[in-house]
Amino acid sequence: MQPRGDTLNATIRKALESHGNGAVTVLSSLLTLEDALGYIPPEAIEEVAHLTHTTVNDVWGVASFYPNFRFEPPCEHVVEVCWGPTCHLMGAPAVMKEVLATLGLNTEGDTPDKRVTLKFNTCLGACAQGPVMSLDHHLVGRLTPQEAGKRLSGVVGMKGNRSLQ
Amino acid sequence: MILWRGREWLFGAPTFFSRMTQAYESLKQQATARQQALAGKPRVRIGTALCGQAAGGLEVADAFREAARARSLDATVSQVGCLGLCYAEPLVDLQWPGGPRVFYGNVSPEEASGLVEAHLVRGQPVWERALAVSGDGATVSGDVLTLEALEMMKGQVRIALRNAGHIDPADVHEYIATGGYAGLDRALSGMTPQQVQEMVGASGLRGRGGAAFPTGTKWRFLMGSPGPVKYILCNCEEGDPGAFNDKGILESDPHTLVEGMILAGYTTGASNGVIFIRHGHEGPVERAKAAVRDAYGLGLLGKNILGSSFTFNAEVSLVGESYVAGEETALMEAIEGKRSMPRFRPPFPAAYGVWGKPSNINNVKTLAYVPEIVAKGPTVFSGVGTERSKGTAILCLTGAIRRPGMMEVPMGMTLHQALEGLAGGAPGGKKIKLLQTGGPLGGVLGGDQLDVPLDFDAMARAGAILGSGGIIVADETTCAVDLTRVLMTFCQFESCGKCFPCRTGMTHMMEVLERICRFQGESIDLPLLERVGASMAAGSLCGHGQLGFNPVRSALRFFGDEFKAHIESKRCPAGVCNGEYLTPQRARR
Ligand SMILES: Cc1cc2nc3c(=O)[nH]c(=O)nc-3n(C[C@H](O)[C@H](O)[C@H](O)COP(=O)(O)O)c2cc1C
Ligand code: FES
């Protein structure tokens, strides 16, 4: 269950307070919140503006620039498929096609049942094992479309919060 | 002390005979004692860098821990980084106390129990499964080669990667025991910043981040800037798809970077260091944070480093997904927490950098060389390589290649030697058709260009750049036009949007390439691409727009006929383009 209202504000504040020991900036605050909550709620934008002595406008400017931020509560699982040039050559298009079909999606986004978020990634950093995808931040390489489908159907048919892998 | 074959230890190095700081001497003793204690126990090393993880390395590590636990075996299980043999991941190396290290490739979790039982309990390596062997007492059994004799290792000269895959990246003592922080100690105990600068200059080190600018000269710019607050920024954004050597160094040997950064700070009089990494790559981020924390813990960072009067602080800064954030001025904007959009230059970073303070930006690989250069003298580096490109090239080979992975080879080696020799050429008897080098902004080289040497200038003359060392290999099954379209889709998506020639030019080029791939191209399309490319080069603030036409220009140069076939004969000679493609399209808002 996602926190709401007062609990959400408390969570936001707590996350911001615990935030690393480097410089505190708009971006570092947003990344901290993304890690803690999985998304950036509107309340968080205001809180960050307050904390960093900037405006809501400034914070939105940064949050909307980087594609890793999302503004709605996250789905249970995140699937990222790499479409970088190495993975492309090694068969990412076929993997992508299979993933889209398995999830019933046309492009990146959330499944209607909010179970899975599909994201495209420009490089997951494991190019030597292309094609690569990541299931809840767990990398899986040397994929075939069949293997990708098999890994995913576990997720789609899955009950509760069992982790992928 | 064990002397591993093929790897240089510090014996005979100048530091050993010069004066050592007391603080370093005690660190060294502590580390050696710990290393000896470790050597008395069975050791398991498992590659779990990103490449190892994608091959299932984490599950294998769990299986080995479980197998040792089930036998109540007191073994040290270390998650090491990347040895570079990514084709053999998950790669496990087992060592019986006092025995050689035996490497097992492509290990599955199911094999863990048997390998532990045979090799670590009974002391009998499973030679049929072994890939290579290394170390003293490496009496070669059957036809198992030594590590250095493996095709992929032959001819490598490992300076920056000297520890990669060998030491536990989470253990600073292991780094110190293998000669780590000796360079820093040498500088602090008897060299002036000027002397260190001269040494780095004399080594001929040129930046490994793309532009190949001489590092000694760059440092001198910052030396001349007023203090006291100055910054050393270490660029590990590494957005180039196909390159993972910066992340690889952070995951395998983060302290070599931290030491290089402190040395850069000492030389230039900087007070602060920032390691800049993309959020989301958890391995490299965690390793870097832990390395900084451990260095503070041992007095290698912070006030009065190693008892000297030098003070230097460091932190890790994360950025969201953005390729342009790797550009030096955009990087400074991102550290300040803003959109990663490039700044106008001048003023240059050495005068006005992050937070308005004088700054120096170096790539991870550049800094990772520095500790060895300072510890052993400039010739360890300048003795390798070519006239104008000294040292080694750290390559990431991916795509249609038999042995994908990471290697460090002397500059001057030909692409042919690296790709056909070390990496084994294209699999399945196919021919290498093209190479994509230096990241998406680099260029495409034809498969007939393999006699070009790895050398910044020779590569540039051939029409590509060496850049950060990523080389993507494609065989005959790849369509050059389709690949160019993917590269341009990447460039379009990653344009930060600040300069309109780049923002709209990339989109325009991408659309033209898409219609060529759909066989709807027209004869005006090629000149049109040239025109758009020229405006981008002239009218963009940073390299993203200035170099954005490179992939198209170089592809046209080597594969012009293929473009023409798509446009004029409406066919794809490689049989790839079928009028549909699933490459995602997004644009920054
Ligand atoms: C669009 C763009 C992206 C870049 N990305 C990186 C990068 O990911 N890593 C890097 O080290 N340098 C990158 N650079 C080059 C840096 O601007 C800079 O030249 C380099 O970090 C300097 O380090 P060096 O002197 O050690 O090579 C990029 C440049 C441009 C124009
Ligand atoms: S290109 Fe797919 S992981 Fe790098």
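Residues numbered from 1 in each chain as written. Chains lettered and ligands numbered in written order. Predicted model: local features only at pLDDT ≥ 70, side-chain atom pairs only at ≥ 80, totals over all residues. Heavy atoms only, no water.

Draft legend 1. Region of the structure containing the overall build of chain A. Counting secondary structure elements, chain A contains 7 helices and 5 strands. Written out in order from the N terminus, the α and β elements of chain A read α-α-α-α-β-α-α-β-β-β-β-α. With the C-alpha coordinates of chain A rotated into their principal frame, the extents come out at 50 × 35 × 25 Å. Taken across its 165 residues, chain A has 53% of its residues classed as buried. The contacts in chain A between residues at least 6 apart in sequence include a share of 61% that link residues at least 24 apart. As presented, chain A carries roughly 7300 Å² of accessible surface, and 52% of it is formed by carbon and sulfur atoms. Treating the 13 positive side-chain charges of chain A as one cloud and the 17 negative ones as another, the clouds have centres 10 Å apart. (Helix = DSSP H or I, 4+ residues; strand = E, 2+ residues; numbered from the N terminus. Buried < 20%, exposed > 50% of the residue type's maximum accessible area, 1.4 Å probe, protein only. Contact = heavy atoms within 4.5 Å. Areas by Shrake-Rupley, 256 points an atom, 1.4 Å probe, with all protein chains shown as cover. Lys, Arg positive; Asp, Glu negative; His and termini not counted. Charge placed at Lys NZ, Arg CZ, Asp CG, Glu CD.)

Draft legend 2. Broad picture of the sheet that holds strand β11 (residues 392-399) of chain B. Residue and element names in this part refer to chain B. An order of β12-β11-β15-β13-β14 is seen for the 5 strands of this open sheet, with the pairing classed as mixed. Taken across any chain shown, the strands that pair with only one partner, and hence form the sheet edges, are β12 (405-410) and β14 (443-446). Within the sheet, the average angular offset between the axes of one strand and its neighbour, ignoring direction, is 30°. For strand β13 (residues 432-437) and strand β15 (residues 470-475), the ladder comprises 5 bridges, and the chain directions are antiparallel. Bridge pairing in β15 links leucine 435 to valine 473. This element, helix α22 (residues 550-567), spans β13 and β14 of the sheet and lies at about 30° to β14. (Pairing = 2+ DSSP bridges. Axes fitted to C-alpha atoms, helices over the stretch in contact; angles between N-to-C directions.)

Draft legend 3. Looking closely at the interface of chain A and chain B. If you look at the interface, chain A gives 41 residues, while chain B gives 61 residues. A buried area of about 4200 Å², summed over both sides, lies between chain A and chain B, and 62% of it is on carbon and sulfur atoms. Where chain A touches chain B, the interface holds 0 salt bridges. Put simply, the parts of the chain that give the side of chain A that touches chain B at least two residues each are α2 (26-37), α4 (56-65), α5 (85-89), α6 (92-103) and β5 (138-140) of chain A. When the residues that make up the side of chain A that touches chain B are grouped by side-chain class, the tally is 23 nonpolar, 14 polar and 4 charged. (Buried area = accessible area lost by both parts, 1.4 Å probe. Salt bridge = Lys/Arg side-chain N within 4 Å of Asp/Glu carboxyl O. Nonpolar A, V, L, I, M, F, W, Y, C, P; charged D, E, K, R; others polar.)

Draft legend 4. Examining the state of the cysteines more closely. Taken as a whole and assessed by the stated rule, the structure comprises 0 disulfides over all chains. This cysteine, B:Cys396, is not joined by any disulfide, and A:Cys127 carries the nearest cysteine sulfur, 7.3 Å off. (Disulfide = S-S within 2.5 Å.)

Draft legend 5. Main features of the packing of aromatic side chains. One pass over the full model with this rule turns up 9 aromatic pairs over all chains. Note on B:Tyr369 and B:Phe381: the rings are 4.7 Å apart at their centroids and 70° apart in plane angle, and the pair reads as edge-to-face. Placement of B:Tyr369 in helix α14 (residues 364-376) and of B:Phe381 in helix α15 (residues 379-382) is noted, with a sequence separation of 12 residues between them. Each member of the pair, B:Tyr369 as well as B:Phe381, carries the same accessibility label: buried. Taken together, the ring pairs in this structure connect A:Phe65, A:Tyr66 and A:Phe69 into an aromatic cluster. (Phe/Tyr/Trp six-rings, centres within 6.5 Å; stacked < 30°, edge-to-face > 60°.)

Draft legend 6. Inspection of helix α1 (residues 5-17) of chain A at higher detail. All names here are of chain A. Over its 13 residues, α1 runs 19 Å from end to end, which matches the ideal 18 Å to within 8%, given 1.5 Å per residue. Considered for burial, the residues of α1 that qualify are Leu8, Ile12, Ala15 and Leu16. All buried residues of α1 lie within an arc of 95° about the axis, which places them on one face of the element. Opposite the packed face of α1, turned more than 90 degrees from it, sit the exposed residues Asp6, Thr7, Lys14 and Glu17. The secondary structure elements touched by the buried residues of α1 are α2 and α3 (42-51). (Expected span 1.5 Å × (residues − 1). Arc of directions from axis to C-beta.)

Draft legend 7. Representation of the site of ligand 1. Residue and element names in this part refer to chain B. Gly209, Lys218, Glu238, Asn363 and Thr366 are the nearest of the 19 residues found near ligand 1. Within the contact set of ligand 1, an oxygen atom lies 3.3 Å away from a backbone nitrogen or oxygen of arginine 208. Protein contacts shield 90% of the accessible area of ligand 1, which totals 610 Å² for the unbound molecule. If you tally residues by element for the shell around ligand 1, the top one is strand β10 (residues 359-363), at 3 residues. (Near = heavy atom within 4 Å. Polar contact = N/O pair within 3.5 Å; in protein donor to acceptor, adjacent residues only side chain to side chain.)

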